[in-house]
Amino acid sequence: VVFGAKRWLIWDHERFRSNVTRQRMFALEHDDAGILSSPEWIRKLYPHPERTYEIRHHGHDCIQREGEMMFVPPQWMHMVVNIGDTVSVISE
């Protein structure tokens, strides 16, 4: 991050790779098949105890600040939300 900050949620894809039901439950609301933006997902779905447990015990919820770098392991799922005005450089 050059300026500002980002919130990252990352988790190991291996926990979901062969379990479509778990993956769908984690990503979507039970009564809505719609896709949410990252900020909406964090506000509406992340507080659910199963999702919070999954991230906190099998992933990471962290803030990347100015001058810091983030490494996301290959094939790990991730979600990123800018916190205010943010400028960053990304390479994949």
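What you are looking at is a predicted structure, and each value in this text was computed from that prediction instead of being measured.

**Brief notes about the environment of Glu-54**
Step number 1: Topologically, Glu-54 is positioned in helix H3 (residues 49–58).
Step number 2: Here the alpha-carbon distance between Glu-54 and Asn-82, two residues 28 residues apart in the chain, equals 22 Å.
Step number 3: Non-local contacts of Glu-54, meaning those with residues more than four positions away in its chain, are made with Arg-15, Phe-16, Phe-26 and Gly-59.

**Digging into the pairing of strand E1 (residues 3–11)**
Step number 1: Both E1 and strand E3 (residues 77–87) contribute to a ladder of eight bridges, which runs antiparallel. Along E3, the bridge assignment pairs Leu-9 with Met-79.
Step number 2: Alignment of E1 against strand E2 (residues 59–65), held across seven bridges, turns out to be antiparallel. From the neighbouring strand, Leu-9 faces E2, where its bridge partner is Asp-61.

**Here's the deal with the nonpolar core**
Step number 1: One finds Leu-9, Trp-11, Phe-16, Met-25, Phe-26, Trp-41, Ile-42, Leu-45, Tyr-46, Ile-55, Met-79 and Val-81 forming the largest nonpolar core, which totals twelve residues.
Step number 2: Aside from chain neighbours lying at most four places away, what touches Met-79 is Arg-7, Trp-8, Leu-9, Trp-11, Ser-38, Trp-41 and Ile-42.

**Some remarks on the packing of aromatic side chains**
Two aromatic rings, taken as a pair, are described by how far apart their centres are and by the angle between their planes.
Step number 1: Summed over all chains, the structure comprises two aromatic pairs.
Step number 2: Grouping aromatic residues by their ring pairs yields a cluster made of Trp-11, Trp-41 and Tyr-46.

Cut-off values and rules
Residues numbered from 1 in each chain as written. Predicted model: local features only at pLDDT ≥ 70, side-chain atom pairs only at ≥ 80, totals over all residues. Heavy atoms only, no water. Helix = DSSP H or I, 4+ residues; strand = E, 2+ residues; numbered from the N terminus. Contact = heavy atoms within 4.5 Å. Pairing = 2+ DSSP bridges. Core = buried A, V, L, I, M, F, W, Y, C linked by side-chain atoms within 4.5 Å. Buried < 20%, exposed > 50% of the residue type's maximum accessible area, 1.4 Å probe, protein only. Phe/Tyr/Trp six-rings, centres within 6.5 Å; stacked < 30°, edge-to-face > 60°.

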